[in-house]
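Breakdown of the fold
Below are the chains, spelled out letter by letter.
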Amino acid sequence: MSGLKVAITGLGMAVPERRVTNFDLAQTVDTSDEWITERTGIKERRVAGEGETTASLAIEAGQAAIKDAGIDPADIGLCIVATCTSEQPIPPTSAFVQEGLGLRCGAFDVDAACSGFVYALVAGASMVASGAIGPVLVIGAETLTRVVDPLDRSTVILFGDGAGAVVLTPSEEAGLLAWDLGCDGSLTGLLGVPAGGSRLPSSPETLANGDNWLKMDGREVFRRAVRVIVDSARLTLDRAGLTADDIALFVPHQANVRIIDSAAGKLGLPPERTFVNIDRYGNTSAASVPIALAEAAEAGRLRPGDHVLLSGFGAGMSWASAIVRWDR
Ligand code: ACO
């Protein structure tokens, strides 16, 4: 791969005000802070309150990224929103975001679950690099807590809400060096919301059966997650002509600290070169990688010339890796 001449020139994030701790959850389901901390690394998550939605969080993160890039919203040439918890079934969340940000450009959604942001980043970067379009705003935004059964201890502990955004602009140098986008559609049954689509429209029966809530075979997702993260990252390193030693920071999807530690260990990436913030936000699906990127930049952990490995995996089963050369 020769890479794409594009740079991330703006970063932003937004999370709801409301914090729900493990102790709070232990009041409503049979769990404990000790179990959740030990099995997942999560201590608390943010939960959208009244008036907070996937689009409202996306708009706040998008505003911050556009401000950080120092450009006018009117200059944005395309808006892509990665989400699997859309504002409503129709129209796409990106339409609400386009209006909320006062953009005058095309807008579409990408749904690749927790891999969505990396998929959208590659799509947006390809369009910028083609020269056909001006700066592209790529947002990952989710309100997973709206599709999780509050009484299911195996899922309610995992998810949180939030949004992260980047602005991609043309660059003299290749900034997106290599990527890998994958999916194994034979595994759709591992993780998903069964009802509410064309296969099983919502009805009083689906609601009564709990089919509108997220269902997950956590153990199997866990087992496969480590493998796909490692295989996809190795392939992407090969395509970029790099090794793990060249990676300054690994920014993985934040699903479970044990998945992150295991994958990072197999890749030979030590904790000091792996970004983890799952303790404060839980799994925010497509929002987790851009939120982590925004926090890493804020903490001064990204320097010009750094190679940053991004990695996502999730329902589908989908996965995605990308290596970015930082240029700010
Ligand atoms: N509190 C206490 N006990 C619990 C809880 C809880 N919150 N949840 C499950 N348990 C119990 C189970 O009932 C089970 O009890 P049993 O042995 O008596 O049957 C025991 O704990 C062990 O359960 P496991 O499911 O084996 O626990 P595990 O260590 O695998 O952790 C977890 C479960 C955290 C869900 C883990 O499997 C995981 O993180 N999986 C990956 C999830 C993921 O990454 N999803 C990503 C994609 S999300 C997307 O795409 C939208």
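Right above here is the structure, for reference.
Rules of the game
- Residues numbered from 1 in each chain as written.
- Predicted model: local features only at pLDDT ≥ 70, side-chain atom pairs only at ≥ 80, totals over all residues.
- Heavy atoms only, no water.
- Pairing = 2+ DSSP bridges.
- Helix = DSSP H or I, 4+ residues; strand = E, 2+ residues; numbered from the N terminus.
- Axes fitted to C-alpha atoms, helices over the stretch in contact; angles between N-to-C directions.
- Contact = heavy atoms within 4.5 Å.
- Near = heavy atom within 4 Å.
- Polar contact = N/O pair within 3.5 Å; in protein donor to acceptor, adjacent residues only side chain to side chain.
- Areas by Shrake-Rupley, 256 points an atom, 1.4 Å probe, with all protein chains shown as cover.

Read across the sheet, five strands follow the order β1-β7-β6-β4-β5 without closing on themselves; strand pairing throughout is mixed. The sheet is open, and its two borders are formed by β1 (6-14) and β5 (106-110), each paired with just one other strand. Across the sheet, the mean angle separating the axes of adjacent strands is 20 degrees when strand polarity is ignored. In this sheet, strand β7 (residues 161-170) lies alongside strand β6 (residues 136-143) in antiparallel orientation, the contact comprising eight bridges. Across the sheet, the residue bridging to L137 is V167, located in β7. The sheet contacts of helix α3 (residues 54-69) involve β1, β6 and β7, and relative to β1 the element is tilted by about 135 degrees.

A few words now on the side chain of T54. Summarising the element assignment, T54 is placed in helix α3. With near-sequence residues (within four places) excluded, T54 lies in contact with T83, T85, E87, T93, A141, E142 and T143.

Our focus in this paragraph is the site of the ligand. Around the ligand, the surrounding shell holds 26 residues, and the nearest of these are T31, R39, C114, R219 and N256. Contact distances for the ligand include 2.7 Å between a nitrogen atom and a side-chain N or O atom of T31. One of the backbone N or O atoms of A315 is found 2.9 Å from an oxygen atom in the ligand. About the coverage of the ligand: the protein hides 77% of its 1,000 Å² of free accessible area. Breaking the shell around the ligand down by element, the ones donating at least two residues are α2 (33-40), α6 (153-156), α8 (218-240), α9 (257-267) and β12 (307-314).

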